[in-house]
Structure formats: structure tokens, C-alpha cells
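Residue-level listing of the chains:
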Amino acid sequence: MSYKHLMQSSAMKGGIFPVGGAVSLGEQPIKMLINAEKGARMCISETIMNLVWAPITDLKKIASFLKDVKMSGNWMWAAKCEGEGARLVDAVGSLCEGLRQIGCAIDGGKDSLSMAVTAHGELVKSPGTLVLSAYAPCTNVTKVVNPALTATPGSKILWIRCGGDKNKMRLGGSALAQVYSQIGDDCPDIEDFTEISKVFSTVQDLLLMDKLIGTVLHPIVLAGFSFVFEIICFRSRRFAGHDISDGGLITAILEMAFAGNVAVDVNIRNTKEHISPIDLLFAEECGIIIEVLNSEDVIRKLEDVNIECQVIGTASETYGPDAHIRIHVDDKLEINEKLVDLREEWELVGDKLGEFQTNMKSLKEAKEFRGKCRKINYKCDFEWFYETSFIYHEQYFSTAPLVAIIREEGSNGDREMASAFTLAGFQTFDVTMTDILSGHTLDAYRGVAFVGGFSYADVLGSARGWAAGVMFNEQVSKQFEHFRLRTDTFSYGVCNGCQLMAQLGWIGDEREGNACLETTVFLDENECGRFESSFGPVKIEKCKSIMLSGMENAILGLWSSHGEGRFTYRSSEILQNLRENGQVCVRFCDDQGKIGSDHNCENLPYPLNPNGSIDDVAAICSRDGRHLAMMPHADRSFLTWQWAELNSVTWNTRFDQQTVALSPWIRMFRNAFNWCNA
Ligand SMILES: NC(=O)CC[C@H](N)C(=O)O
């Protein structure tokens, strides 16, 4: 089947069309123990304040943006126990009323209403719980804001409270209360839902107005005939935001600092004498924290709708081990700690869970890394811009080279792979292993892509079942081998596809003729012992891969997402040969672009090297460079908004809408296209 819809949507929409879906969650079971009605209202506010960071509706077209938000309500309650049925009714009533006030509907859900058991003669009830999930169309995924403080010079951190009674900072049901094994008796509440709507609408406005976000795009060099612009950073990253919920104001500020890895200095004014600094910092009253460049404009916008806001401080470009957190209340310094020390406190629970999943060596290495990481210096000197307008003409596809996006039962990376190849100018086709088994040949294709996923649920080891399906079927193995040996073809295998290529002998110690007889390179279990999903830097090596030509020395971010990614070789000579032949194509690297051997080590520590591959190998190609097998996902990193962090990216490139959307990884796919057309 052709991915015609991808090509057609490119043709119709004029290229990349960054729409998507936004989802958010809210749950407040501990507050519900104190008061079911208040807990339900806090659930609504948490859900909405988690959703506010994605632009969800074109405000000009629809009068009430929240009308586009739908929710699913899930109830877990011991409703048959005495008094619980009545509490459930109260909670449902307050939920309905709250949603009515903000103009939002529930269109689905599920309930488990017998959440109680008798064990050893004792009745054990689950706390009555409501989990709300909101969903809405996201009009522009490039404008989604995340909590990582950007520390952009000139920006300010603002605290905006909304919904609750401003005379109160209630600690009931808070994380602080739980730390002292208490629940409390007075929990936060939403007294005025209109304020929630106003804040929502104001933030939505900010998301859509670049002026307030402060995009910085300025010409730095005028070289020859071509303008070179520096994209200082991806635009929405000039704006950070986080809701205040579990843990209160202090936790929101700290989490933003941890995520940005930057220093913070704030001074919170406490206007009410009866509120102590502890209440102020730990109460979980509804609100948000934002970091913006043009704070005066934001304050004015909020004043226009009668929402108070306080400028509480700034983040500064002091990173990781150099960064301090200073929190004052009414000019009195309450907290003055190193960022990394506070973050380690915060990581304690994660590390405890990690002890059940991960080996101690990796946990220790991760801790050391957190303690010294400053900022990752991505680097890209090559051009990845190309004139894309031609691919918007459908007739173009009658001449473009064909790529088969091959998937098996359990694959999940086929659509992103198809979209990368389509954007690079190929005609892409969805080809299942069943198609090939029923006689579909690869003769028409110039390229094949083996996608990522969990073929046959990884039961016998990743890609083993998939490989067996090829190796033990004479017709399929002939078909594959014919394709591999043709001199006008290329292939790209990612993750599960990379594991498959290793099993099939497409990379490693290649032999003439049937390559499927033995495996010389094998992807073993990650050294850390768990499935690893992380975004981090890799270095592109000077190598034979046709897809990576001209990209050497770049330091780029890439998603890893695997449980079995450790390149392992039948003998040490194989790795040595691969190195000497220029077949090691990509390596995991540290924040400065250094690999393990630069530090006189066999490989980098976890999590920089997420799987423990010797020599930090992340991708290998065939002897002639036509076949490339890569563990991390370029297919999930070729658009800028797919990158988990871009704060520190400085790239030299021509600027236009398309280039902002495309990350340097698109060059790989474009290289393949140029190779086919050469
Ligand atoms: N994303 C993937 O392709 C994962 C590959 C494989 N299932 C693993 O866990 O290693």
C-alpha cells in the first residue's frame, strides 16, 4: 500500500503541518479523602492547568476555547461501603457543576465501584479516586511549552494564582502533610472557576503571540551570496511553564529549575500575615508558574482580566554543579542550596524504584552524571536545508524513487519512518511481511526501511522471530538477499530493524552469497538491565554510510528506546575491522561531544551510553556503506519539535519555516534520495 495520504497532505498543506493532539491528567485522591467535593474541583483545575501549555484551538474561530476540550472521567470508589455512596454522589455533583462553569464536557469514562476487600477480618477501602483525562486538538505542536526554565537573559519568573481564595494557603491533602504522615483537615478548593478560564485563555494567547515569547532570529553573517542566519533556539523554548499542584509552589519552582538545569533566585511576597512561609511554599492551591521575556506585557494582559500575578524572580545561565537555588520569602532567605543537592533529594524515590529495575553500577553512574552535567553542546556545521516545494506536487511522485517501509507483527515505527522518507522526496510504501510472504517483491524499490517496535513481542529476544520469518522461508530469504546484493539499493534499519539487520548479517562480518547463515553482530540486553527511553547526544563519525555522507563530526540529539541495544561481536576482531573499514557510523557521546576513548575508557558511563555498547557504538553500516543499522531513532528525531530539548542548540542555517521544522537528521534521508538520483 502506498503512503499516498502522506504525499497528498504534503501537496495540499504546503509541507509540514504541525497539528496534533493534546492530553492531560488530573487526580487528587488525598484531597478527596478530606472532602470529596473539593477534591473533585481540584481534579478539574489540575487537569486544565496541565493542558494549558498546548495551543488547543484557534481563538479567533471559536468563541469558547474550552468547548473544544473533552474529558474522560474514571472513578475508583468503595461505593458499597457505608457512607461512601453518598460521598461519591457529592463528588459527581461537584464535578458536573465545575465542568458546567468552565464549559467543558465529559464524553466517556469508566468506573470501578467495588474498591474494597476484607483481609484478615479487616475492611480495606481504596481512597475514593477520580482520574480526569482531558483531550483536545493541538493547533500547533511547535508552540507547546515545557517546564524547563530557559534562563533567557531578561526573562522573569511569574507566579499566577487562580481559582482559590487568595486569603488562604491550605495544607490539607498536600505532599508536605503526607511526609509527616498526616492528611490534614482543610484542603485547597476552587472558589471561582471563571479565574481558571481567564488564566487558560491568557496563556493560550501568549502561546500564539511570538512577540511575548520573544523569538530571537538575527542575521549574524553575510557570507558570499547566501544569507546565513543563526537560529539561537527553537522559539517556544523562550517560554517555560508549569502548574502548581502536588508539592505546591516550591515544588513547581524546583522542578522547573531541575528540568532546565539552571540557577534560580526568587523572592516571594507574602501579603497575608497569618500565612507562614511553610504554608506559602507548600500549599497546593491552584496556580501556574511561567517564565517569559516580556513580563510587563503579560502582567498587563492578566490585569485586564483581573488576575493578580507576582514577579518572583529570575533563572540565570549558571548550569548544573555551578547552579544555586535561592528562595526568599519577604526578603528573608529561606532556602539556599546547590541545585544538584536538591535534585538528588528529589531523585531519591526514583532511585529507590530504580534499585528494583537497574543494576547498582548504572544507578551510581547516573547519579554522578546528574551531579556534573552542565549543558549539552549540540553542533552541526552541515546544511540540511533543501528546496522542498517540489515534493508538494503530486505528479512529482510518478518519478521519485520508491522506498518500502517494512513492518512485522508488533512493529510500531512505520509511520514516522514513512514520513521522514516522504519529506525527503521518496515515494513510500507500507509493506508488511505478510505481503512479502504472499509474493510481493522488492524489485521495484531502491530502498527498504526496517522499522522499530516489538516484533513478536520480543518473546525469544528482540527481532529473533522476525529474522526467523526471513531466514526459514526460502522465497523470502532469496528476496531479501537479492535486494541486499543489488548495487542500486540501500537500506536503513532502526532499533528493532537494526536488530533484524544484525541477525540477518546485513551488517558485521559480511560474506558473499547468502548472508543469513550466521550472526556476527548481535544486539544484547542493555547493561543497565532495563528498557531505556531517553534523549541524548550522539556524534556522527566519518564513515562509509551513504546516508550519513557529509554529516561527520556533528553532535546531535537522538531518541533511544530499547531494551536490547548493546552491540556485541562474535570476536573482538570484528569490531576492529568495522572501525578500520569506516563502518562504525554513530557513537553515543557526552555533553562536549567526547566518547569513552577520549576519556581513556572502553565506553561512556550510563546514561550517556544507554546500553553499554563497547566503544559507544550506536550504528554500523555494511562494507560498501549501502546498508545502515542504527539503534537510536533518527526516524523519531528529524523534526525539531521531536527533540526533547533544544535550549542549547545553536545552528547555522538559512532560516525559513521549513528549516525550523526540519532537524539536521533529515539530511540522512535526503542523502539517500540524492544517492538514488545520482
Ligand atoms: N524501539 C524499538 O524498536 C525497540 C526494539 C526492541 N523491542 C527492544 O526493546 O530492544
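Remember, predicted model here, so these are calculated numbers, not experimental data.

Here we look at the sheet that holds strand 6 (residues 129-138)
With respect to topology, four strands assemble into an open sheet ordered 1-6-2-3, the strand pairing being mixed. Among the strands making up the open sheet, the edge pair consists of strand 1 (20-27) and strand 3 (105-112). Mean inter-strand twist for the sheet, computed between neighbouring axes without regard to direction, equals 15°. Against the sheet, helix 3 (residues 36-51) engages strand 1, strand 2 (70-76) and strand 6, with an angle of about 150° to strand 1.

Re the site of the ligand
Surveying the vicinity of the ligand reveals 14 residues, the closest of which are Gly453, Asp458, Cys495, Ser561 and Gly563. Take Asp458: an N or O atom from its side chain is 2.7 Å from a nitrogen atom of the ligand. At 3.5 Å from an oxygen atom of the ligand is found a side-chain nitrogen or oxygen belonging to Ser462. Protein burial of the ligand: of its 300 Å² of free accessible surface, 98% is covered by the chains. Secondary-structure elements contributing two or more residues to the shell around the ligand are helix 17 (496-504) and strand 22 (555-562). Of the residues in the shell around the ligand, the class split is three nonpolar, nine polar and two charged.

Considerations on the nonpolar core
Among the nonpolar cores identified, the biggest contains 92 residues, and Ile406, Phe421, Phe480, Tyr492, Trp665, Met668 and Phe669 are the most heavily contacted of them. Counting residues per element, this core draws most heavily on helix 20 (residues 666-677), at six residues. Within the second largest apolar cluster, 51 residues are counted, among which are Met42, Cys43, Ile44 and Met71.

Looking at the packing of aromatic side chains
Taken as a whole, this structure holds 19 aromatic pairs when the rule is applied. Residues Phe450 and Trp506 carry aromatic rings whose centres are separated by 5.4 Å and whose planes lie at 80° to one another, so their mutual orientation is edge-to-face. Separated by 56 residues along the polypeptide, Phe450 in strand 18 (residues 447-450) and Trp506 in the loop between helix 17 and strand 20 (521-524) bring together distant segments of the chain. The exposure classification of Phe450 matches that of Trp506, with both residues buried. Arranged with centres 5.2 Å apart and planes meeting at 65°, the rings of Phe535 and Trp559 form a pair that is edge-to-face. Here Trp559 lies in strand 22 and Phe535 lies in strand 21 (residues 532-540), a separation of 24 residues in the sequence. For Phe535, a relative accessible area of 16% translates into the label buried. Ring-pair connections join several aromatic residues into one group, and the members of that group are Phe421, Phe426, Phe490, Tyr492, Phe638, Phe669, Phe673 and Trp675.

Side note on the sheet that holds strand 17 (residues 427-432)
The strand order 17-16-18-19-26-25-24-21-22 describes an open sheet built from nine strands, whose pairing is mixed. Because the sheet does not close on itself, it has two edges, and the strands there are strand 17 and strand 22. Taking each pair of neighbouring strands and ignoring which way they run, the sheet shows an average axis angle of 25°. In the packing of helix 16 (residues 474-485) onto the sheet, the strands contacted are strand 16 (402-407), strand 18, strand 19 (490-494) and strand 26 (627-630), and the crossing angle to strand 18 comes to about 120°. On top of the sheet, helix 20 reaches strand 19 and strand 26; it is set at about 165° to strand 19, its chief contact.

A few points about the layout of surface pockets
By volume, the second largest pocket is sized at about 640 Å³. Taken together, 18 residues line the second largest pocket, and the ones lying closest to its centre are Thr251, Leu254, Phe282, Glu345 and Trp346. Broken down by secondary-structure element, the contributors of at least two residues to the lining of the second largest pocket are helix 5 (175-179), helix 8 (248-260), strand 15 (332-338) and helix 11 (339-357). Per-class residue counts for the lining of the second largest pocket are twelve nonpolar, two polar and four charged.

Quick look at the pattern of salt bridges
Scanning all chains against the criterion turns up 38 salt bridges. A salt bridge links Asp165 to Lys168; its shortest N-O distance comes to 3.8 Å. Residue classification places Asp165 among the partly exposed residues on the basis of a relative accessible area of 23%. Judged by relative accessible area, which is 35%, Lys168 ranks as partly exposed. Three or more residues joined by partner-sharing salt bridges are found here, namely Glu344, Glu347, Asp351, Lys367 and Arg370.

Side note on helix 15 (residues 464-471)
Think of an α-helix as 3.6 residues a turn; residues three or four steps apart then line up on the same face. Within helix 15, burial applies to Trp466, Ala467 and Val470. The buried residues of helix 15 occupy an angular sector of 95° when projected down its axis, which confines them to one face. Lining the buried residues of helix 15 we find strand 16, helix 14 (433-437), strand 18, helix 16 and helix 17.

Concerning empty space enclosed by the protein
Inspection of every chain in the model, using the stated rule, returns five cavities of 30 Å³ or more. Roughly 60 Å³ of internal volume is contained in the second largest cavity. As for the second largest cavity, its lining consists of 14 residues, and the residues nearest its centre are Ser45, Glu46, Ile244, Ser245 and Cys286. Looking at the lining of the second largest cavity, the elements with two or more residues in it are helix 3 and strand 10 (240-244). Here the lining of the second largest cavity gets four residues from one element, more than from any other, and that element is helix 3.

Regarding helix 20
When the terminal C-alpha atoms of helix 20 are compared, their 17 Å separation across twelve residues agrees well with the 16 Å that a helix rising 1.5 Å per residue should span. Burial analysis of helix 20 places nine of its twelve residues in the buried class, the great majority of the element. Every buried residue belonging to helix 20 is among Ile666, Arg667, Met668, Phe669, Arg670, Asn671, Ala672, Phe673 and Cys676, and all of these are buried. Residues of helix 20 that are buried in the fold lie against helix 13 (414-423), strand 19 and strand 26.

Reading guide: rules and limits
Residues numbered from 1 in each chain as written. Predicted model: local features only at pLDDT ≥ 70, side-chain atom pairs only at ≥ 80, totals over all residues. Heavy atoms only, no water. Pairing = 2+ DSSP bridges. Helix = DSSP H or I, 4+ residues; strand = E, 2+ residues; numbered from the N terminus. Axes fitted to C-alpha atoms, helices over the stretch in contact; angles between N-to-C directions. Contact = heavy atoms within 4.5 Å. Near = heavy atom within 4 Å. Polar contact = N/O pair within 3.5 Å; in protein donor to acceptor, adjacent residues only side chain to side chain. Areas by Shrake-Rupley, 256 points an atom, 1.4 Å probe, with all protein chains shown as cover. Nonpolar A, V, L, I, M, F, W, Y, C, P; charged D, E, K, R; others polar. Core = buried A, V, L, I, M, F, W, Y, C linked by side-chain atoms within 4.5 Å. Buried < 20%, exposed > 50% of the residue type's maximum accessible area, 1.4 Å probe, protein only. Phe/Tyr/Trp six-rings, centres within 6.5 Å; stacked < 30°, edge-to-face > 60°. 1 Å grid on protein atoms, 1.4 Å probe; cavity = no way out; pocket = protein on both sides within 12 Å on 5 of 7 lines; lining within 4 Å. Points joined across faces, edges and corners; volume = space filled by probe spheres on them. Salt bridge = Lys/Arg side-chain N within 4 Å of Asp/Glu carboxyl O. Arc of directions from axis to C-beta. Expected span 1.5 Å × (residues − 1).

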